[in-house]
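# Inside the fold
Residue strings, one per chain:
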Amino acid sequence: MALVYQSQNTNQILLFLQRPLFNGSGSVRTASLPLWSGKQVKRQKVKRLVLVSREVQANSTSVTATDTDTTTEKTTVKLKAVVQVTVTVAGFFSSLRLDRGIDDITDLLGKSLLLELVSSELDPEAGLEKETIKAYAHKAGRDNNSVKYETDFEVPNDFGEIGAILVENEHHKEMFLETILLDGFPEGPIHFHCASWVHSKFDNPTKRVFFTNKCYIPSETPSGIRRIRAEELSNLRGSGEGERKSFERIYDYDIYNDMGDPDKSLDLQRPPLGGKELPYPRRCRTGRPQCDVDPLSEKRSRRFYVPRDECFSEVKELTFSTKTLYAVLLILVPSLGKIIKDKELAFPYFHEIDSLFSIGLDLPHHEHHETEKGFLGTIMPRLVKNISGDVGHVLRFETPEAMSRDRFFWFRDEEFARQTVAGLNPCSIKLVKEWPLRSKLDPIVYGPAESAITSEIINKEIGGILSVEKAIKEKKLFMLDYHDLFLPYVSRVRELKGKTLYGSRTLFFLTPDGTLRPLAIELTRPPMDGKGQWKQVFTPSWHSTSVWLWRIAKAHVLAHDSGYHQLVSHWLRTHCVTEPYVIATNRQLSEMHPIYRLLHPHFRYTIEINALAREALINADGTIESSFTPGKYSMEICSAAYDLEWRFDMQALPADLIRRGMAVQDPFAPHGLRLTIPDYPYANDGLLLWDTIKVWVTDYVNHYYPESSLVELDVELQAWWTEIRTVGHADKKDEPWWPVLKTPKDLIEILNIIIWVTSGHHAAVNFGQYAYGGYFPNRPTIARTKMPIEDPTEEEWKKFIAKPESALLKCFPSQLQATRVMAVLDILSTHSPDEEYIGEKMEPSWAENPVINAAFERFRARLKKIETLIDERNENTNLKNRNGAGVIPYELLKPFSKPGVTGMGVPCSISI
C-alpha cells in the first residue's frame, strides 16, 4: 500500500510504500519505505506519485497509491529487453546460404529470438518455479559491428526479481550474443553479460540460459534458479559419448591420443600420453573414432573440436596474430619445403644466416585461386613482403632486438650465462647443493653415475678464489641440469636421421658483480652400439681447438635448453596443465559462481590454442618434432618431465624459487624471500607480480567467503578441486602434495598459482621467443652432429681442424629447420590487437559490485606501479643482468603492451 501524508508543520508531502517482507522461515513483517517528498499538494504531483508506486511493483507485491482525488492499482509492469548481437565475419557471406531467406523472413515476422524471463523466486503457495514470461525479440537496428533486437514484457507485480533469461535462436545459423539489457525497473536496468554463441534451435532444441551479473555461491542461489543452475552444469558436462559437433559447448576429458596419424603412415604413429606408462594431463575430449590401424589412437580431422565459447572470436580470427599463426603452420611452412628441397642442407656461411634479415627467400606463388594472391603478404606483413612489380613474395625476417643491439651477442659467454636468469628460459637454473655430482639413473644401464666434472676442474676455472666446497657453502655454484632427463633417450634419438643427443650438465659461478660465468659443460653418451659410456668436460679456453670445442658444446647445451624450454617450461607448465583447469571450471562451477567469474578471463582461448598446437606444432612430424633435438620422442620426454618434476604446489613462484635453491625464506626481505642471485630479473619482477595478484585474489575471496566454513561447504568448489586433481591430472591423483581446500587461505593459494601460471609465467617464457630465438645461433633448437671429439675418424678430425666454423654450422639447424622455427617464433611472440592484459579490463560482474570494483581498481593501480618500477630497474647500471652495452632490458613481465612483437606485456590468459 502506498500512503500519502501532508506534514502540518512544513506543508511537505511524504509518500511511503508499505510492503510485506518475507524471511527464510516464511514469516511476514511490514516495512514502510519513504519514496518521495514535495512542498505543495497538486493533482498532477499526486499522479506522479502514483506512477512511482507502479514502477516499484516490478520487485514488490501489489501496491496502491491513494490521495483525496485518485486511487490507482496496477498488476503488471512493462519492461523493455534490448539484445545486442555481434555481426560476425561469417555473417557477411551468409547471403550465400540456402536458408538465409528463411532467416530474413523470420526477422521480418519479428520472431528472431525467443526470450523467457525466469523468476529468482518460487511460487510462495505451490513452492514450485514460477512460469516463465515469454516474448519474441524483433530486429530493431544494425550498425557496422552489431545488430539490435528488442521486445517488451508485461511482468506481474508478484513475479519477483529476474534471475535468468532463456534464449532460443530461431535462425538456422548460430549468433554471437553480447549482452541483454532489461530496462524499466525503478532501481535501474538489469544487465546480462553473455559474450557467447547461441546455437540454432534446428541444431539443438535446448535453450540457452544466461544469468544476471550478480554472483552467488551455491548455498546462496535464489530458490527459483537453483534447478536451472544445476541443469546448465549438467548440459556442459555432456554424456561422455559420441563425436562432438562444432556448435556444442560440452567439456569432457580425454588422453593425448591424437598427435599421431598412423592411418596416413605408420611412421607417424605415436603412443598415447596419459596413463601409467606415459603420465600426462588430460585434454578436451573430441569423441572422434579410433584409427583403423591403431585402436589406441584417435583419427585426426581438419579442425579439432573446441567447445564453442572457447574458440577464437571471429574478430580475433581476422586479427594479425591468430590468422597469421594458421597461415604460418598450414601454408608458409609447407611452402618452405618447396624452396629448400634438401631438408638437411646446412648454412654454408654465417653471412647466409644474416641474409635472412636483409635479402630473404623467394616464396613460390600461392597455388590457390587468383583472388588469393597477396594473401600471405596481407596477413603476415612482418614476414612476407610483396616484391615490387611482381605478384610473388619474399620471406624476409625482421632483425631480432638482441641482434640489432649487438650483432655478436650470441658469441659471448657472459650473454650465454646472463640468459639463464634474464632470457627466454629463466626457470631451469638451480643452485648446486651437493658435491660431487651424481646421476640417479641405473649405472648398469647408463654407465657410471659419477660426473666427470671434478673439483680440480672447477678450482682451476674459479682461479683459486675459493674452493668448490666453499663455493657451494657460500651459494656461488649454479647448474643447468639436463642429464638424467635426456640420457635415457640418447640411443633412440641417435637412430633418427640428422639428429643426435647427449645428457648434459653446465656449471656457472656467481661473480662478485652479481653476474654468472660459465665454468664447464659435461656431455654424456650412455653405453650403446657395443661401446661403453662416453663423457667429456669442456671449459672456456684460449687455445683455438678448445675454443671451438667449447663453442660446439655450448650449441648442444643451448639445443637442450631450447627443447626443455619449449616442451616443459612453456608447453607443459603453462598450456598443457591449464587445460584441465579450464575444463573443470566449466563443468563444475556455474557461470554465476564468483570463482568462475574470477578465473574466466584467465582461460580465454587456451583450449583453442592448445588444439592448434596438437594440430600442427606438437603433432607427429610437426614443428617441434622436425626442428627440435628430441625429434619424434619430444612428447615422451615431456611426459617424463611431468612424471618426474611437475607438482602443482611447486608452480607457485616462491615455492619454485625455493625448490631450485634460488631463494630462501626471510621474513625481513622483500616478498619474504632472499634471492641467492640478488640480480635475478625473472624472479625480482615475477615476485612483484605474484604478490600483486595475491592481494587482488585475497580481497576477492574474502569478500565472497567471509566465514571460513563457507569454502568447505561450497559443493561446486569442492567438486571443481576434486575433479582437477583426480580427473584432469588423474595420473597424479594420489600424490600427497596436492593442497587441501578447506579455508579461504587454501583457496587463495590455489587460485594464485593458477592465475600466475596463465599470466606471468606464460608471458615470461613466451613473448621473448623471437627476441632471443629469432637469430637461431643464439638458441639453436637442435644439434644435428655429435661432438668432433667423440670417437672421430681420422678424416672427421682433419675436417674439424681445417675448418671448425663449418663443423659448428653443420651442428646448427638446417636451413629448412631454422626458417621454419624462426617463422613460428615470430608469430608466437606477437600480441594480438585484441589482447587482454592482466588488470586492464573490468569484468561486468566486478563492476556492479562496489567492493570488488574498488579492489580491482587497487589491483590495476599496483600493476601500473610495477611498470614504473621495472623501468627504473632496467636503468640501474648496478644491475648488470638487465643493464649494459647491447643488453636487452628485461621487460617480459611489464604488465601492459601495444600490439605486435614488443618483448613485454602480460596477457590474462594463454592465448598464443
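Here we summarise the structure given alongside this text. Bear in mind the structure is a predicted one, so any value in this text is a computation, not a measurement.

Here we come to the overall build of the protein. Scanning the protein from N- to C-terminus turns up 31 helices and 27 strands. Burial statistics for the protein: of 912 residues in total, 59% are counted as buried. Within the protein, counting contacts between residues at least 6 apart in sequence, those at least 24 apart form 72% of the total. For the protein, the accessible surface area stands at approximately 38000 Å², while carbon and sulfur atoms represent 52% of it.

The subject of this paragraph is the nonpolar core. Nonpolar side chains in soluble globular proteins generally cluster together in the buried interior. The biggest cluster of nonpolar side chains holds 201 residues, and the ones touching the most others in it are Ile595, Phe648, Leu657, Tyr680, Trp696, Tyr705 and Trp720. Sort the elements by how many residues they give to this core and helix 16 (residues 544-588) lands first, with 20 residues. If sequence neighbours within four positions are ignored, Phe648 has contacts with Tyr581, Trp721, Trp737, Trp738, Pro739, Ile750, Ile753 and Ile754. Of all hydrophobic cores here, the second largest spans 30 residues; its members include Val83, Ile133, Ala135 and Val198.

What follows covers the environment of Cys908. Positionally, Cys908 belongs in the segment after strand 27 (900-901). According to the relative accessible area criterion, Cys908 is buried, its value standing at 8%. Apart from the residues lying within four places of it in its own chain, the contact partners of Cys908 are Pro601, His602, Thr758, Ser759, Glu836, Tyr837 and Ile838.

Right, let's get into the sheet that holds strand 20 (residues 477-482). The five strands lie next to each other as 19-20-21-22-23, forming an open sheet whose pairing is antiparallel. Every other strand in the sheet has two partners, leaving strand 19 (430-431) and strand 23 (534-538) as the edge strands with one partner each. For strand 22 (residues 516-525) and strand 23, the ladder comprises five bridges, and the chain directions are antiparallel. The residue bridging Ile521 from the neighbouring strand is Phe538, located in strand 23. Sheet contacts for helix 10 (residues 413-422): strand 20, strand 21 (503-510) and strand 22; angle to strand 22, the most-contacted strand, approximately 85 degrees. Packing of helix 12 (residues 455-462) onto the sheet brings it into contact with strand 20, strand 21, strand 22 and strand 23, and relative to strand 22 it is tilted by some 155 degrees.

A few words on the pattern of salt bridges. Opposite charge on two side chains allows them to pair when their charged atoms are near. Counted under the stated rule, the structure contains 58 salt bridges. For Arg249, the salt bridge goes to Asp309, with nearest N and O atoms at 3.2 Å. You can see Arg249 sitting in the loop between helix 4 (226-237) and strand 14 (253-254) and its partner Asp309 sitting in the loop between strand 15 (283-284) and helix 5 (314-318), a full 60 residues away along the chain. Judged by its relative accessible area of 17%, Arg249 is buried.

Calculation criteria
Residues numbered from 1 in each chain as written. Predicted model: local features only at pLDDT ≥ 70, side-chain atom pairs only at ≥ 80, totals over all residues. Heavy atoms only, no water. Helix = DSSP H or I, 4+ residues; strand = E, 2+ residues; numbered from the N terminus. Buried < 20%, exposed > 50% of the residue type's maximum accessible area, 1.4 Å probe, protein only. Contact = heavy atoms within 4.5 Å. Areas by Shrake-Rupley, 256 points an atom, 1.4 Å probe, with all protein chains shown as cover. Core = buried A, V, L, I, M, F, W, Y, C linked by side-chain atoms within 4.5 Å. Pairing = 2+ DSSP bridges. Axes fitted to C-alpha atoms, helices over the stretch in contact; angles between N-to-C directions. Salt bridge = Lys/Arg side-chain N within 4 Å of Asp/Glu carboxyl O.

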